[in-house]
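Descriptive analysis of the structure
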Amino acid sequence: MRLDKYLKNSRLIKRRTVAKEACDKGRVSINGRTAKAGAEVEVGDEILIQYGTKELRVRVCELLESPRKEEGEKMYQVIG
């Protein structure tokens, strides 16, 4: 699954366009490498998102194509 789509489906970022912008600005990385919006995400990957001065690190647990709102949180685990 594309990174921007994963971020939107998991509700880590509300809209896919905002997820794409964050990737384009270098604020998102997968397994320690800066990632573009089209990068493929797989189960077990670690994603780091920088929100201004805050950082969120998550591990990908599931890839769901069209999850309901309450299923979005099952797609990742916060690492710290």
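Here is a short report on the structure shown in this document. Note that the structure is predicted; figures quoted are calculated from it, not measured. (Residues numbered from 1 in each chain as written. Predicted model: local features only at pLDDT ≥ 70, side-chain atom pairs only at ≥ 80, totals over all residues. Heavy atoms only, no water.)

Scanning the protein from terminus to terminus reveals two helices and five strands. The secondary structure elements of the protein, listed N-terminal to C-terminal, are α-α-β-β-β-β-β. Computed over the C-alpha atoms, the radius of gyration of the protein is 11 Å, within 12% of the 12 Å expected from 2.2 N^0.38 for a compact globule of 80 residues. Counting all 80 residues of the protein, 35% fall into the buried class. Taking the intrachain contacts of the protein between residues at least 6 apart in sequence as the baseline, contacts between residues at least 24 apart amount to 35%. (Helix = DSSP H or I, 4+ residues; strand = E, 2+ residues; numbered from the N terminus. Rg over C-alpha atoms; globule rule 2.2 N^0.38 Å. Buried < 20%, exposed > 50% of the residue type's maximum accessible area, 1.4 Å probe, protein only. Contact = heavy atoms within 4.5 Å.)

Here we take up the environment of Lys 74. Looking at where Lys 74 falls in the secondary structure, it is placed in the loop between strand S4 (54-60) and strand S5 (76-78). With 64 residues separating them in the primary sequence, Lys 74 and Ser 10 have C-alpha atoms 7.9 Å apart. For Lys 74, the residues in contact, after removing those within four places along its chain, are Cys 61 and Glu 62.

To continue, consider the nonpolar core. With 20 residues, the main nonpolar core has Leu 3, Tyr 6, Leu 7, Leu 12, Val 28, Val 41 and Ile 47 as its most contacted residues. Not counting residues within four places of it along the chain, the set of residues in contact with Ile 47 comprises Leu 3, Tyr 6, Leu 7, Val 28, Ser 29, Ile 30, Val 41, Leu 56, Arg 57, Val 58 and Val 60. (Core = buried A, V, L, I, M, F, W, Y, C linked by side-chain atoms within 4.5 Å.)

The next subject is the layout of surface pockets. Sizing a probe to match a water molecule and rolling it over the atoms shows the empty space that remains. Approximately 160 Å³ is the volume found for the largest pocket. If you go around the largest pocket, the residues you meet are Leu 12, Ile 13, Val 18, Glu 21, Ala 22, Lys 25, Arg 27, Ile 49, Gln 50 and Tyr 51. Going through the elements one at a time, helix H2 (16-24) and strand S3 (46-51) are the ones with two or more residues in the lining of the largest pocket. When grouped by side-chain class, the residues that make up the lining of the largest pocket number six nonpolar, one polar and three charged. (1 Å grid on protein atoms, 1.4 Å probe; cavity = no way out; pocket = protein on both sides within 12 Å on 5 of 7 lines; lining within 4 Å. Points joined across faces, edges and corners; volume = space filled by probe spheres on them. Nonpolar A, V, L, I, M, F, W, Y, C, P; charged D, E, K, R; others polar.)

The next point concerns a positive patch on the surface. On the surface, Lys 8, Arg 11, Lys 14, Arg 15 and Lys 69 cluster together into a patch of positive charge. Secondary-structure assignment places Lys 14 in the loop between helix H1 (3-9) and H2. (Patch = residues over 30% accessible without salt bridge, like charges linked within 9 Å, V, L, I, M, F, W, Y side chains within 5 Å. Areas by Shrake-Rupley, 256 points an atom, 1.4 Å probe, with all protein chains shown as cover. Salt bridge = Lys/Arg side-chain N within 4 Å of Asp/Glu carboxyl O. Lys, Arg positive; Asp, Glu negative; His and termini not counted. Charge placed at Lys NZ, Arg CZ, Asp CG, Glu CD.)

Bridge count between S3 and S4: six bridges; the pairing is antiparallel. From the neighbouring strand, Gln 50 faces S4, where its bridge partner is Glu 55. Adjacent in sequence and paired antiparallel, S3 and S4 are bridged by two residues, among which Gly 52 carries a positive phi angle near 60°. For S4 and S5, the ladder comprises three bridges, and the chain directions are antiparallel. From the neighbouring strand, Val 60 faces S5, where its bridge partner is Tyr 76. (Pairing = 2+ DSSP bridges.)

By themselves, these observations are geometric and do not establish any function.
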